[in-house]
Amino acid sequence: MRKLLFFPFLLLALTATACSGDPIEPEGSATEQPETPGNDNDEDETPDNDGRYLVLYCSRTSNTEGVAQRIGTVLGCDLIEVEPETPYDTDYNAMLERSQQEQAAIEAGNFPPVKTSVESFEEYDIIFIGYPIWYSHMATPMQTFLHEHAAKLAGKRIALFATSGSSGISTSVSDARKHCPDATYTESLLLTSGTLSQAESRVAEWLSEIGVTREQSR
């Protein structure tokens with residue numbers, strides 16, 4: 001498995017190692033119950049088993065990154081981390097405040113900048129997109145990335161996966177569909193704080209459900 005980072009002008013660099021023991025990815029609606037993974041999607045196409053895959057993810061703590069790495073390990077595919085142009089504050093409350101401000105800005109049409117860019121997705125049949133859920137929404141760096149790459153992702157098959165404290169995934173799926181309306185979406189995967197320890201088996205079941213297997217030698 002190759003782990004790649006794409007910066008503007010396609011500068012290649014090594015991804016920083018995630019810190020262990022970080023808190024659960026922040027989310028905003030503690031009263032919202034988790035949803036069954038993928039029950040909000042109306043398109044579920046089974047891909048060919050010899051497809052080529054890419055895992056895109058953003059992760060402030062290690063939770064979403066860990067799931068992304070698991071998918072990458074199972075499929076033997078590339079990983080790219082989507083990073084904000086300005087790193088988030090290590091203070092949890094400051095991070096939450098910034099995420100709220102960024103979500104409000106996105107709803108007004110202003111997207112917070114990210115430093116990750118991909119020139120083309122042509123060589124990939126399925127794009128896995130992972131993110132934490134913040135205040136029920138897709139993490140803002142990934143929203144920016146999808147908005148900026150919408151034309152390149154048009155017609156591509158996208159498989160969403162997310163982590164959260166307790167929030168459901170439906171609002172974040174709507175975010176993805178809004179930013180990339182011309183992509184095709186498979187069944188999605190949600191791991192909450194209560195199911196994150198089951199990531200290995202949940203990922204395996206999910207990949208089987210959407211018909212994805214380890215890619216064959218290129």
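The paragraphs below set out a description of the structure included in this document. Everything numeric here is computed off the predicted structure, so don't read it as measured data. (Residues numbered from 1 in each chain as written. Predicted model: local features only at pLDDT ≥ 70, side-chain atom pairs only at ≥ 80, totals over all residues. Heavy atoms only, no water.)

## Describing helix 6 (residues 199-209)
Ala199, Val203, Trp206 and Leu207 are the residues of helix 6 that are buried. Down the axis of helix 6, the smallest arc covering the buried residues is 95°, so these residues share one side. Positive phi shows up at Gly211, right after helix 6, with a value of about 75°. (Buried < 20%, exposed > 50% of the residue type's maximum accessible area, 1.4 Å probe, protein only. Helix = DSSP H or I, 4+ residues; strand = E, 2+ residues; numbered from the N terminus. Arc of directions from axis to C-beta.)

## Some points on helix 1 (residues 62-75)
In a regular helix each residue adds 1.5 Å, so 14 residues correspond to 20 Å; helix 1 covers 20 Å between its end C-alpha atoms and thus fits that length. Residues Asn63, Thr64, Glu65, Val67, Ala68, Ile71, Gly72 and Leu75 constitute the buried set of helix 1. Backbone geometry just after helix 1 places Gly76 at a positive phi near 65°. (Expected span 1.5 Å × (residues − 1).)

## Quick notes on the packing of aromatic side chains
Per the stated rule, a full pass over the model turns up four aromatic pairs. Ring plane angle 80° and centroid distance 5.6 Å describe the contact between Phe128 and Trp206, whose orientation is recorded as edge-to-face. Of this pair, Phe128 sits in strand 5 (residues 126-134) while Trp206 sits in helix 6, and the two are 78 residues apart along the sequence. Through a chain of ring-to-ring contacts, three or more aromatic side chains come together here, namely Tyr53, Phe128, Phe161 and Trp206. (Phe/Tyr/Trp six-rings, centres within 6.5 Å; stacked < 30°, edge-to-face > 60°.)

## Quick look at the pattern of salt bridges
Going through the model one piece at a time under the given rule, you end up with two salt bridges. Taking the shortest distance from any N to any O, the salt bridge between Arg70 and Glu200 comes out at 3.4 Å. Placement of Arg70 in helix 1 and of Glu200 in helix 6 is noted, with a sequence separation of 130 residues between them. According to the relative accessible area criterion, Arg70 is partly exposed, its value standing at 28%. (Salt bridge = Lys/Arg side-chain N within 4 Å of Asp/Glu carboxyl O.)

## Looking at the pairing of strand 3 (residues 53-57)
Counting buried positions along strand 3 yields five of five residues, so the element is predominantly enclosed. Across the two faces of strand 3 the burial is the same, with Tyr53, Val55 and Tyr57 and Leu54 and Leu56 all buried. Relative to strand 5, strand 3 runs parallel, the two being bridged by five bridges. Paired with Val55 across the bridge in strand 5 is Phe128. Judged from the four bridges that link them, strand 3 and strand 4 (residues 78-81) form a sheet pairing that is parallel. Note on strand 4: the bridge partner recorded for Tyr57 is Glu81. One crossover worth recording links strand 3 to the parallel strand 4 by way of helix 1, and it is right-handed. (Pairing = 2+ DSSP bridges. Right-handed = clockwise from strand over helix to strand, strands pointing away.)

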